[in-house]
Amino acid sequence: MEFYTHAMTINNQNRASWIKLAYYLLIFLFLASVILLLYLNISKPYQVIGIISASVISVIIFSFHLNFNFIIYKEGDDKIILRYYPLHPFHDNFKSIEIPKNCLAKYDLETKTFGLKPIVTLYQLTEKGIAKYPSVCLSALSKTERKKLIESLSRNSLNK
C-alpha cells in the first residue's frame, strides 16, 4: 500500500506587498507632483494636473478591475484551503474556502482582459447537490504559482 501526499502551499505575500506598496507610491507621487506643480509658476498648471489625474485614475481603475488578491492556497492530506484578501484600499476581510479533497466536484478557470485576469471558481459536492463558491481572481499570482494551483485542482477534482 502506497501513501502519497501532496502537501503544498502557495503564498503570494511578497508579490502582494509590492502591489500594495505600488498603490501607496502612486498616490504619494501623484500628490507630490500636484503640490509641486501648484508651487512652481508654470503656465496652465491645471491642465497638467488634469492630465496627471486622468492617468493616475486610469491606472487605479485598471488595477481595481484586475482585482488583485493576497492568496494562500494549501493542499493538505484531507482538504484544500483557498484564503484570499483583496489588495485594493477599500478591501473586505479575509475570505476562506475549505473543501474536503473527496468533495471537490470541479473547478472552472476563466481568463478575462487579454489573459491578465484569470478567475477560478470552485464547486463542492454536498448532500444536496453541487455548491458553487464565489469566484477568486488569481491575477496577483505569478504564472508559475497559477500553474501549480491549477495542477493541484486538476489532480484533486472529481470531474477530471
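The preceding data block contains the structure.
Now for a description of the structure that goes with this document. (Residues numbered from 1 in each chain as written. Predicted model: local features only at pLDDT ≥ 70, side-chain atom pairs only at ≥ 80, totals over all residues. Heavy atoms only, no water.)

1. Quick look at the pairing of strand β1 (residues 8–11)
Here β1 shows a buried face lined by M8 and I10 and an unburied face lined by T9 and N11. Pairing of β1 with strand β2 (residues 69–75) involves 4 bridges; the strand directions are antiparallel. Bridge pairing links T9 to K74 in β2. (Buried < 20%, exposed > 50% of the residue type's maximum accessible area, 1.4 Å probe, protein only. Helix = DSSP H or I, 4+ residues; strand = E, 2+ residues; numbered from the N terminus. Pairing = 2+ DSSP bridges.)

2. Some points on the pairing of β2
Here β2 lies mainly inside the structure; 6 of its 7 residues are buried. As paired strands, β2 and strand β3 (residues 79–86) are joined by 7 bridges and run antiparallel to one another. By the bridge assignment, N69 is partnered in β3 with P86. Joining the antiparallel neighbours β2 and β3 is a turn of 3 residues.

3. Overview of the pattern of salt bridges
Throughout the structure, instances matching the rule amount to 4 salt bridges. When the shortest N-O distance is used, the salt bridge between K101 and E75 registers 3.1 Å. Pair noted here: K101 is in the loop between β4 (95–100) and β5 (104–112) and E75 is in strand β2, with a separation of 26 residues, a long-range link. Across the pair R155 and E75 runs a salt bridge whose closest N-O atoms are separated by 2.9 Å. With R155 in helix α3 (residues 143–156) and E75 in strand β2, this residue pair connects regions lying 80 residues apart in the sequence. Salt bridges linked by common partners bring E75, K101 and R155 together as one network. (Salt bridge = Lys/Arg side-chain N within 4 Å of Asp/Glu carboxyl O.)

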